[in-house]
Amino acid sequence: QQPVQSPQAVILREGEDAVINCSSSKALYSVHWYRQKHGEAPVFLMILLKGGEQKGHDKISASFNEKKQQSSLYLTASQLSYSGTYFCGTDMDSNYQLIWGAGTKLIIKP
Amino acid sequence: DAGITQSPRHKVTETGTPVTLRCHQTENHRYMYWYRQDPGHGLRLIHYSYGVKDTDKGEVSDGYSVSRSKTEDFLLTLESATSSQTSVYFCAISFLRPGLAGGEQFFGPGTRLTVL
């Protein structure tokens, strides 16, 4: 039931682009994206609701494909501050619970 | 930043002892959650609350109980701590439930619990 995130880890140079995927075996009502830096709490990035919309702010955007039961997070022209572990949280039955992926570790090198 | 505090921030205890973790919020959000985070597992929901005295189990609730007597406080109790409950515990709050705009969750700083 846990969504599958890919890749598990990625190393980039500053300025390169990254895509992180989150796939579910069940239908999704919404997908949440969070970033967590080492030793800190997860921080909310964006929420995508049923309807296939794409959202974004600054150089981080995301898409949600309901039919494929997956979401993708796009980081454009990555900055050092983008380093951390990215988690997707999936809402599978529109109740109060999010089921979280295992995370994607992103390392940005100068 | 959302006003969420957790106490204690660190705790070391022995197997078999009871432990209570506290989450306190100043945002007046209706929904509160307790998660544990372990390497390779991401975040796993223990219990959640959708109002004062309204709580329900998450996916890993065995060995844990919760109480919410006031909007601002959500307590997590380990009745008899075991080594498998060594983890980092996060509290989170949200204004609405996850499937709605406004359902984003804001996390507290976490409590690192070690059970010897």
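Below or above, wherever it landed, is the structure these notes cover. (Residues numbered from 1 in each chain as written. Chains lettered and ligands numbered in written order. Predicted model: local features only at pLDDT ≥ 70, side-chain atom pairs only at ≥ 80, totals over all residues. Heavy atoms only, no water.)

1. Looking at the overall build of chain B
Phase 1 of the analysis: In terms of regular secondary structure, chain B is built from 0 helices and 11 strands.
Phase 2 of the analysis: Along the chain direction, N to C, the helices and strands of chain B fall in the order β-β-β-β-β-β-β-β-β-β-β.
Phase 3 of the analysis: Here chain B has a C-alpha radius of gyration of 13 Å; the compact-globule value for 116 residues is 13 Å, and the two agree.
Phase 4 of the analysis: Its C-alpha atoms put chain B at 40 × 30 × 25 Å along the principal axes.
Phase 5 of the analysis: By residue count, 50% of the 116 residues in chain B fall in the buried class.
Phase 6 of the analysis: Long-range contacts, defined as pairs at least 24 residues apart, comprise 56% of the intrachain contacts of chain B with a sequence gap of at least 6.
Phase 7 of the analysis: Split by element, the accessible area of chain B, about 5,300 Å² in all, is 49% carbon and sulfur.
Phase 8 of the analysis: Side chains of chain B carry 12 positive and 12 negative charges; the gap between the two charge centres is 2 Å. (Helix = DSSP H or I, 4+ residues; strand = E, 2+ residues; numbered from the N terminus. Rg over C-alpha atoms; globule rule 2.2 N^0.38 Å. Buried < 20%, exposed > 50% of the residue type's maximum accessible area, 1.4 Å probe, protein only. Contact = heavy atoms within 4.5 Å. Areas by Shrake-Rupley, 256 points an atom, 1.4 Å probe, with all protein chains shown as cover. Lys, Arg positive; Asp, Glu negative; His and termini not counted. Charge placed at Lys NZ, Arg CZ, Asp CG, Glu CD.)

2. Considerations on the interface of chain A and chain B
Phase 1 of the analysis: In this complex, chain A contributes 22 residues to the contact, which on the side of chain B involves 26 residues.
Phase 2 of the analysis: In total, about 1,900 Å² of surface goes out of reach between chain A and chain B, with carbon and sulfur atoms giving 61% of it.
Phase 3 of the analysis: Area buried by chain A at its contact with chain B is led by Tyr-96, Gln-97 and Trp-100 of chain A, which between them contribute 35% of it.
Phase 4 of the analysis: Linking chain A with chain B are 6 residue pairs in polar contact (both at pLDDT 80 or more), by the criterion used here.
Phase 5 of the analysis: Among the elements that take part in the side of chain A that touches chain B, strand S4 (residues 30–36) of chain A stands out by supplying 4 residues, more than any other.
Phase 6 of the analysis: Among the residues forming the side of chain A that touches chain B, the class breakdown is 12 nonpolar, 8 polar and 2 charged. (Buried area = accessible area lost by both parts, 1.4 Å probe. Polar contact = N/O pair within 3.5 Å; in protein donor to acceptor, adjacent residues only side chain to side chain. Nonpolar A, V, L, I, M, F, W, Y, C, P; charged D, E, K, R; others polar.)

3. Examining the side chain of Ser-49 of chain B
All names here are of chain B.
Phase 1 of the analysis: On the secondary structure map, Ser-49 appears in strand S5 (residues 42–51).
Phase 2 of the analysis: Note on Ser-49: relative accessible area 0%, which makes it buried.
Phase 3 of the analysis: A polar contact is formed between the side chain of Ser-49 and the backbone oxygen of Asp-54, at a distance of 2.9 Å.
Phase 4 of the analysis: If we ignore the near neighbours within four places in the chain, the residues touching Ser-49 are Arg-30, Tyr-31, Met-32, Asp-54, Thr-55, Arg-68 and Phe-74.

4. Overview of the nonpolar core
All names here are of chain A.
Phase 1 of the analysis: Judged by nonpolar contacts, the single largest core of 22 residues is most densely connected at Trp-33, Leu-73, Leu-75, Tyr-82, Tyr-86 and Leu-106.
Phase 2 of the analysis: Those elements that provide at least two residues to this core are strand S3 (18–23), S4, strand S5 (43–49), strand S7 (60–65), strand S8 (70–75), strand S9 (84–91) and strand S11 (104–109).
Phase 3 of the analysis: In contact with Leu-106, other than residues within four places in its own chain, are Val-10, Leu-12, Ala-18, Leu-75, Tyr-82, Ser-83, Gly-84 and Tyr-86. (Core = buried A, V, L, I, M, F, W, Y, C linked by side-chain atoms within 4.5 Å.)

5. As for the state of the cysteines
A covalent bond between the sulfur atoms of two cysteines is what we call a disulfide.
All names here are of chain B.
Phase 1 of the analysis: Inspection of the entire model under this criterion finds 2 disulfides over all chains.
Phase 2 of the analysis: Across the disulfide from Cys-23 sits Cys-91; the S-S distance is 1.9 Å. Linking Cys-23 and Cys-91, the disulfide has an S-S dihedral of approximately -70° and is accordingly described as left-handed. A residue pair is termed long-range when its members are at least 10 positions apart, and Cys-23 in strand S3 (residues 19–25) and Cys-91 in strand S9 (residues 87–94) qualify at 68 residues. Note on accessibility: Cys-23 and Cys-91 belong to one class, buried. (Disulfide = S-S within 2.5 Å.)

6. Points about the pairing of strand S8 (residues 73–78) of chain B
Residue and element names in this part refer to chain B.
Phase 1 of the analysis: By the criterion of burial, S8 is predominantly enclosed, with 5 of the 6 residues buried.
Phase 2 of the analysis: Two strands pair when backbone bridges link them, and S3 and S8 are joined in this way by 6 bridges, in the antiparallel orientation. In the strand pairing of S8, Leu-21 is matched with Leu-76.
Phase 3 of the analysis: Sheet topology places strand S7 (residues 64–70) next to S8; 5 bridges connect them, and they run antiparallel. Each bridged residue has a counterpart across the sheet, and for Lys-70 the counterpart in S8 is Asp-73. (Pairing = 2+ DSSP bridges.)

7. Here we look at the sheet that holds strand S1 (residues 4–7) of chain B
All names here are of chain B.
Phase 1 of the analysis: Overall, antiparallel pairing links the 4 strands, which are arranged S1-S3-S8-S7 in an open sheet. A single partner strand is all that each edge strand has here, and the edge strands are S1 and S7. This sheet shows a mean twist of 20° between the axes of neighbouring strands, independent of strand direction.
Phase 2 of the analysis: Where S1 lies against S3, 4 bridges are found, and the strand directions are antiparallel. From the neighbouring strand, Gln-6 faces S3, where its bridge partner is Cys-23. (Axes fitted to C-alpha atoms, helices over the stretch in contact; angles between N-to-C directions.)

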